[in-house]
Amino acid sequence: NPKNELDLLADCLYQYSNMARGEIAAQIDNWSYEQKATALKAVCSSNPRSVLHKVSYRFDVLDSLAKLKSLVLDLTPVEIQIQPPTPRYGYQVPDTVETAGLDELSIECFDLSLELFSDLQAAGLDELAGYAVLTGHRQRWQFSTNGESIFRRGTGSETVKHIKEQIAEVHPLISSS
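Residues numbered from 1 in each chain as written. Predicted model: local features only at pLDDT ≥ 70, side-chain atom pairs only at ≥ 80, totals over all residues. Heavy atoms only, no water.

**Section: the pairing of strand β3 (residues 138–146)**
Alignment of strand β1 (residues 56–64) against β3, held across nine bridges, turns out to be antiparallel. Pairing of Arg 58 across the sheet is with Ser 144, part of β3. With four bridges connecting them, strand β2 (residues 79–82) and β3 associate as antiparallel partners. Considered in β3, the bridge of Glu 79 is made with Ser 144. (Pairing = 2+ DSSP bridges. Helix = DSSP H or I, 4+ residues; strand = E, 2+ residues; numbered from the N terminus.)

What follows is the structure, encoded as structure tokens:
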């Protein structure tokens, strides 16, 4: 949010003008794309915070809760929503477990977890079934954060790098600054 990064210009240029925000937006509407892009890049370069805290992103993720914990430490999301736990989205055996030669044992644990989860559901104990889900199971969660958190505080973790790639597809000017 906003869908078009150029829509941030009126708010970013407000502090440099003596016009009302609507007047600034009307002026900007008459500019060419190149003028708008140049202005946004200039604002991003001179005062990145003025742009980055005005933009927000929401992501729908299917990954382990361990990744969620890492993401929270890296980005400090504004909002997090987690759907009920289930083993039905699968899992990924960590490289360290494979390297240790424990991948078969790990797979067996995940299979037992799925079996217990299914038995609890079949017995009508849906509210307890989530306790059979292992930390390594993928879960569906959604989070929102602002641009400043991603581009200024975000570390170089693989998850943050992937998020930045996703943002570059919709906000190329902001992400390149």
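**Looking at the nonpolar core**
Judged by nonpolar contacts, the single largest core of 31 residues is most densely connected at Leu 40, Val 51, Phe 59, Phe 143, Ile 150, Ile 163 and Ile 174. If we ignore the near neighbours within four places in the chain, the residues touching Val 51 are Leu 8, Cys 12, Leu 40, Val 43, Cys 44 and Ile 174. (Core = buried A, V, L, I, M, F, W, Y, C linked by side-chain atoms within 4.5 Å. Buried < 20%, exposed > 50% of the residue type's maximum accessible area, 1.4 Å probe, protein only. Contact = heavy atoms within 4.5 Å.)

**A short note on the confidence of the model for the protein chain**
Averaged over every residue, the pLDDT of the protein chain is 88; the share at 70 or more is 98%. When pLDDT is averaged over each helix and strand of the protein chain, the minimum, 78, is found for helix α9 (residues 147–153) and the maximum, 95, for helix α7 (residues 103–122). (pLDDT = per-residue confidence, 0-100.)

**Comments concerning the side chain of Ser 149**
Locating Ser 149 in the fold gives a position in helix α9. Among the residues examined, Ser 149 registers a relative accessible area of 2% and is labelled buried.

**Topic: a nonpolar patch on the surface**
A cluster of nonpolar residues, Leu 65, Val 72, Ile 80 and Ile 82, forms a patch on the protein surface that exposes about 280 Å² of accessible area. Of all the secondary structure elements, the ones that give two or more residues to the nonpolar patch are α5 (65–75) and β2. Tracing the chain through its elements places Val 72 in helix α5. Here Val 72 falls in the partly exposed class, since its relative accessible area comes to 32%. (Patch = residues over 30% accessible without salt bridge, like charges linked within 9 Å, V, L, I, M, F, W, Y side chains within 5 Å. Areas by Shrake-Rupley, 256 points an atom, 1.4 Å probe, with all protein chains shown as cover. Salt bridge = Lys/Arg side-chain N within 4 Å of Asp/Glu carboxyl O.)

**Here we look at unusual backbone geometry**
Omega for the peptide link from Asn 1 to Pro 2 comes to 5 degrees, which places this bond in the cis form. Secondary-structure assignment places Pro 2 in the segment before α1 (9–13).

**Side note on the packing of aromatic side chains**
In this description, a pair of aromatic rings is defined by centroid distance and the angle of the planes. Counting across every chain of the model gives four aromatic pairs. An angle of 20 degrees between the planes, with centres 5.2 Å apart, marks the rings of Phe 59 and Phe 143 as stacked. Separated by 84 residues along the polypeptide, Phe 59 in strand β1 and Phe 143 in strand β3 bring together distant segments of the chain. Accessibility assignment for this pair places Phe 59 and Phe 143 in one class, buried. On the numbers, 6.1 Å between centres and 40 degrees between planes, the contact of Trp 141 with Phe 143 is tilted. Counting every residue linked through ring pairs, the aromatic cluster contains Tyr 57, Phe 59, Trp 141 and Phe 143. The positively charged end of Arg 140 is found above the aromatic ring belonging to Tyr 89, 5.2 Å away from the centroid. (Phe/Tyr/Trp six-rings, centres within 6.5 Å; stacked < 30°, edge-to-face > 60°. Lys NZ or Arg CZ within 6 Å of the ring centre and 35° of its normal.)

**Thoughts on the packing of α5 against helix α10 (residues 158–170)**
Relative placement of two packed helices is described by the angle separating their axes and the distance separating the axes. α10 packs onto α5 with a crossing angle of 70 degrees between their chain directions and a minimal axis gap of 9 Å. As far as their axial angle goes, α10 and α5 are roughly perpendicular. Residues Lys 67, Leu 71, Asp 74 and Leu 75 of α5 touch α10, and the partners they reach there are Thr 159, Val 160 and Ile 163. For the contact of α5 with α10, a count of residues per class yields four nonpolar, one polar and two charged. (Axes fitted to C-alpha atoms, helices over the stretch in contact; angles between N-to-C directions. Parallel < 35°, antiparallel > 145°, perpendicular 65-115°, else oblique. Nonpolar A, V, L, I, M, F, W, Y, C, P; charged D, E, K, R; others polar.)

**A look at a negative patch on the surface**
A surface patch of like charges, here negative, comprises Glu 104, Glu 108, Asp 111, Glu 115 and Asp 119. Along the polypeptide, Asp 111 turns up in helix α7. Under the relative-accessibility criterion, Asp 111 is labelled partly exposed at 44%. (Lys, Arg positive; Asp, Glu negative; His and termini not counted. Charge placed at Lys NZ, Arg CZ, Asp CG, Glu CD.)

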